[in-house]
Amino acid sequence: MNPIQIGVVMGSSSDWETMQHAVAILQQFGIAHEARVVSAHRMPDEMFAYAAAAEGRGLKAIIAGAGGAAHLPGMLAAKTCVPVLGVPVASRQLQGVDSLYSIVQMPRGVPVATFAIGAAGAANAALFAVALLANEAPPLRAQLQAFRTQQTEAARAMTLPPAQ
Ligand code: RP5
């Protein structure tokens, strides 16, 4: 079995509805990955250990989804130099604007690459991870190019109904 290249972590199983869109893309591209709940405020020791072990385990990027606060992606990024891609999950109270602002507003010096709120952000984080891996893997780059071409063709084939 291929060593895991991308870790997908989230603060709660309630984030799965969003984060599964990242996993679906990784599956589609055949990227060895793992997905698990690592709650920053409920499992701080596990979160710390996950980040501390990431480089040694060969992870090339960590996709971290969080609702309401930046603590999961932010603290992972604080503890490892493996790139962290943050996905703001739509929160119940503020619809994910809180998640977005807190993740994107990391203080200077410890970046978290931040994506859109929700499913599109999760999918794009995975596509970004694929693009990172593709730098060192020409067949993967060809696969990514084919994915883009498919989207282009789908857009070109779009037609509009007559105006009412
Ligand atoms: C965050 O708290 C999680 O990322 C989740 O989005 C949010 C709510 O968690 P649950 O109350 O649904 O477990 O840590």
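These figures come from a predicted structure and were not determined experimentally.

On a regular strand, one side chain projects to one face of the sheet and the next to the other, so that they alternate. With five of its five residues buried, strand E1 (residues 6-10) lies for the most part within the structure. Burial of the side chains of E1 extends over both faces: Ile-6, Val-8 and Met-10 are buried on one face and Gly-7 and Val-9 on the other. A crossover links E1 with its parallel partner strand E2 (residues 33-37), the connecting element being helix H1 (residues 16-28), and its sense is right-handed. Note: E1 against strand E3 (residues 61-67), five bridges, orientation parallel. Bridging from a neighbouring strand, Val-9 pairs with Ala-64 of E3.

Here we come to the UniProt feature "transmembrane region" (unreviewed entry) in the protein chain. In the numbering adopted here, UniProt assigns the feature "transmembrane region" (unreviewed entry) to residues 112-134. A helix fraction of 70% and a strand fraction of 9% characterise residues 112-134, whose end C-alpha atoms lie 20 Å from each other.

Before going further, it helps to examine the UniProt feature "domain: PurE" (unreviewed entry) in the protein chain. This chain's UniProt record puts "domain: PurE" (unreviewed entry) on residues 4-155. Overall, residues 4-155 shows 49% helix and 16% strand. The separation of its end C-alpha atoms is 34 Å.

Turning our attention to the site of the ligand. Taken together, Met-10, Gly-11, Ser-12, Ser-14, Asp-15, Ser-39, Ala-66, Gly-67, Gly-68 and Val-89 make up all the residues around the ligand. Residues that form the shell around the ligand fall into these classes: three nonpolar, six polar and one charged.

Helix packing geometry: the angle between the two helix axes and the distance between the axes. Two elements in contact, H1 and helix H5 (residues 119-134), have axes whose closest approach is 7 Å; the angle formed by their N-to-C orientations is 30°. On the basis of their axis angle, the class for H1 and H5 is roughly parallel. The interaxial crossing formed by H1 with H5 has right-handed handedness. Where H1 abuts H5, its residues Thr-18, Met-19, His-21, Ala-22, Ile-25 and Leu-26 lie against Ala-119, Ala-122, Ala-123, Ala-125, Ala-126, Leu-127 and Val-130. The class makeup of the residues in the contact of H1 with H5 is eleven nonpolar, two polar and no charged.

Quick look at the pairing of E3 now. Taken across its seven residues, E3 has seven buried, putting it largely inside the fold. Across the two faces of E3 the burial is the same, with Ala-61, Ile-63, Gly-65 and Gly-67 and Ile-62, Ala-64 and Ala-66 all buried. Where E3 meets strand E4 (residues 84-89), six bridges bridge the pair, whose relative direction is parallel. Among the inter-strand pairings, Gly-65 is bridged to a residue of E4, identified as Val-87. For the crossover from E3 across helix H3 (residues 71-79) to E4, the handedness is right-handed.

Glancing now at H3. Those residues of H3 that fall on the buried side of the exposure criterion are Leu-72, Pro-73, Gly-74, Met-75, Leu-76 and Ala-77. Looking at the buried positions of H3, the neighbouring elements they touch are E1, helix H2 (44-54), E3, E4 and helix H4 (97-104).

For the rest of this paragraph, the subject is the sheet that holds E2. The strands that make up a sheet are held in pairs by hydrogen bonds between backbone atoms, and each pair lies either parallel or antiparallel. With parallel pairing, the five strands of this open sheet are ordered in space as E2-E1-E3-E4-E5. Edge positions in the open sheet fall to E2 and strand E5 (113-114), since each of these has one partner strand only. Its contacts with the sheet put H1 on E1, E2, E3 and E4, and the angle it makes with E1 is roughly 170°.

Our next topic: the environment of Thr-114. With respect to the helices and strands, the residue Thr-114 is situated in strand E5. According to the C-beta neighbour criterion, Thr-114 is buried, with 23 such atoms within 10 Å. Thr-114 sits 20 residues away from Leu-94 along the chain, and the two C-alpha atoms are 18 Å apart. Excluding residues that lie within four positions of it along the chain, Thr-114 makes contacts with Gly-86, Ile-103 and Val-104.

Cut-offs applied
Residues numbered from 1 in each chain as written. Predicted model: local features only at pLDDT ≥ 70, side-chain atom pairs only at ≥ 80, totals over all residues. Buried ≥ 20, exposed ≤ 12 C-beta atoms within 10 Å, placed from the backbone. Helix = DSSP H or I, 4+ residues; strand = E, 2+ residues; numbered from the N terminus. Right-handed = clockwise from strand over helix to strand, strands pointing away. Pairing = 2+ DSSP bridges. UniProt positions renumbered as here; feature names shortened; annotations may be inferred. Near = placed C-beta within 6 Å. Nonpolar A, V, L, I, M, F, W, Y, C, P; charged D, E, K, R; others polar. Axes fitted to C-alpha atoms, helices over the stretch in contact; angles between N-to-C directions. Parallel < 35°, antiparallel > 145°, perpendicular 65-115°, else oblique. Left-handed = near helix turned anticlockwise from the far one by under 90°. Contact = placed C-beta atoms within 7 Å.

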